[in-house]
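The residues making up each chain are set out below.
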Amino acid sequence: EANAREARYRLISHFCKENSIKYLCVAHHMEDQAETFFIRLFRGSGIDGLSSMTKEIDLFDLHIIRPFLNIHKNELKQFLLDNNIKWVEDSSNSDDKYLRNKIRNFINTFENKDEITQRISFAVNEITKCKNYIDEQIKEAEKDILDFSSFGICLVHLNNLFAINQDLSLKILAKIVMKISGNIYKP
């Protein structure tokens, strides 16, 4: 799933570059957010993963916007129906070999599934606030710890790194690995 998603975004990014498109609006919705939260919870993610999808992200030189994360899927579908707008359903959405679909089917067994996804969305927003605060602390700490050269080399001032909170220093090291390796996900 992750490889397919990355390949899909690379193709979309390439198309957008060729057509001078700087922003891509995608239709991820509240249920997608809840599914992402559970997937990351099952995989043992920390605060970065549990903050789930962000409203905006830069990926492969493309600015992706997700304006519908606080809207239920059925509201989006109703809007499309009311305005006679066609959409495409990915056939893999019904294949239970994928964890996302198992989670979706699990959530759908609840009578109050809209309320559950609303609560998960609220929790994700609260986790995101905490993550953003930590990211601000990391950004400030990095000023005294990291020096990136134009050759892709990163100098780390170890005394300054060891002087800060261990969790923050590990997050800084993860960012170094991402930047140098070119990976979009933290190790």
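Higher on the page you've got the structure.
Okay, so let's go over this structure. All of these numbers come straight from a predicted model, not from anything done at the bench.

1. Some words on the packing of aromatic side chains
(1) Moving on: With the rule as written, the count across this model stands at three aromatic pairs.
(2) Moving on: Following the ring pairs from residue to residue traces out a cluster consisting of F37, F38 and F42.

2. Here we look at the pattern of salt bridges
(1) Moving on: Applying the stated rule across the entire model yields eleven salt bridges.
(2) Moving on: A salt bridge links R104 to E35, with the shortest nitrogen-to-oxygen separation between them at 2.9 Å. In this pair, R104 is assigned in helix α5 (residues 99–108) and E35 in helix α2 (residues 30–42), connecting sequence segments 69 residues apart.
(3) Moving on: On the basis of relative accessible area, R104 is assigned to the buried category, the value being 14%.
(4) Moving on: Counted as one network, the salt bridges with shared partners bring together E35, R100 and R104.

3. Re the packing of α2 against helix α6 (residues 113–142)
(1) Moving on: The interhelical angle for the contact between α2 and α6, taken along N-to-C directions, is 65 degrees, at an axis separation of 9 Å. When the interaxial angle is binned, α2 and α6 end up roughly perpendicular. The handedness of the crossing between α2 and α6 comes out as left-handed. Contacts between α2 and α6 involve M30, E31, Q33, A34, F37 and F38 from the former and D114, T117, Q118, I120, S121, V124 and I127 from the latter.
(2) Moving on: Across the contact of α2 with α6, the residue classes break down as seven nonpolar, four polar and two charged.

4. Comments concerning the sheet that holds strand β2 (residues 56–59)
(1) Moving on: Strands sit in the order β1-β3-β2 across an open sheet of three strands; the sheet is mixed. Sheet topology places β1 (23–25) and β2 at the edges, where each strand pairs with a single neighbour. Averaged over all pairs of adjacent strands, the angle between their axes in this sheet comes to 25 degrees, without regard to strand direction.
(2) Moving on: Bridging between β2 and strand β3 (residues 62–65) involves four bridges; their strand directions are antiparallel. Bridging from a neighbouring strand, D58 pairs with H63 of β3.
(3) Moving on: Relative to the sheet, helix α1 (residues 2–18) contacts β1, β2 and β3, its axis offset from that of β3 by approximately 115 degrees.

5. Some remarks on unusual backbone geometry
Trans peptide bonds make up the majority, and among non-glycine residues the majority have a negative phi.
(1) Moving on: Despite not being glycine, S20 has its phi angle at roughly 55 degrees, a positive value.
(2) Moving on: Relative to the assigned elements, S20 resides in the loop between α1 and β1.
(3) Moving on: The class of S20 is exposed, set by a relative accessible area of 68%.
(4) Moving on: A positive phi angle, close to 60 degrees, is found at D61, a residue other than glycine.
(5) Moving on: Take D61: it is sitting in the loop between β2 and β3.
(6) Moving on: Using a relative accessible area of 69% as the deciding quantity, one classes D61 as exposed.

6. Thoughts on the side chain of K131
(1) Moving on: With respect to the secondary-structure elements, K131 resides in helix α6.
(2) Moving on: Residues within four places of K131 in sequence aside, it is in contact with I47, D48 and S51.

7. Some words on helix α8 (residues 166–181)
(1) Moving on: The first and last C-alpha atoms of α8 sit 22 Å apart over 16 residues, in line with the 22 Å expected at 1.5 Å per residue.
(2) Moving on: Listing the buried residues of α8 in full gives L168, S169, K171, I172, A174, I176 and M178.
(3) Moving on: In this structure, the buried residues of α8 make contact with α3 (47–50), α6, β4 (146–148), β5 (154–156) and α7 (158–162).
(4) Moving on: Looking at where α8 begins, the residue whose side-chain oxygen comes 2.7 Å from the main-chain nitrogen of D167 is N165.

8. Looking at the side chain of S13
(1) Moving on: Counting through the fold element by element, S13 comes out in helix α1.
(2) Moving on: S13 sits in the buried class, given a relative accessible area of 3%.
(3) Moving on: The contacts of S13, once residues within four sequence positions are left out, are L59, F60 and L62.

What counts and how
- Residues numbered from 1 in each chain as written.
- Predicted model: local features only at pLDDT ≥ 70, side-chain atom pairs only at ≥ 80, totals over all residues.
- Heavy atoms only, no water.
- Phe/Tyr/Trp six-rings, centres within 6.5 Å; stacked < 30°, edge-to-face > 60°.
- Salt bridge = Lys/Arg side-chain N within 4 Å of Asp/Glu carboxyl O.
- Helix = DSSP H or I, 4+ residues; strand = E, 2+ residues; numbered from the N terminus.
- Buried < 20%, exposed > 50% of the residue type's maximum accessible area, 1.4 Å probe, protein only.
- Axes fitted to C-alpha atoms, helices over the stretch in contact; angles between N-to-C directions.
- Parallel < 35°, antiparallel > 145°, perpendicular 65-115°, else oblique.
- Left-handed = near helix turned anticlockwise from the far one by under 90°.
- Contact = heavy atoms within 4.5 Å.
- Nonpolar A, V, L, I, M, F, W, Y, C, P; charged D, E, K, R; others polar.
- Pairing = 2+ DSSP bridges.
- Expected span 1.5 Å × (residues − 1).
- Polar contact = N/O pair within 3.5 Å; in protein donor to acceptor, adjacent residues only side chain to side chain.

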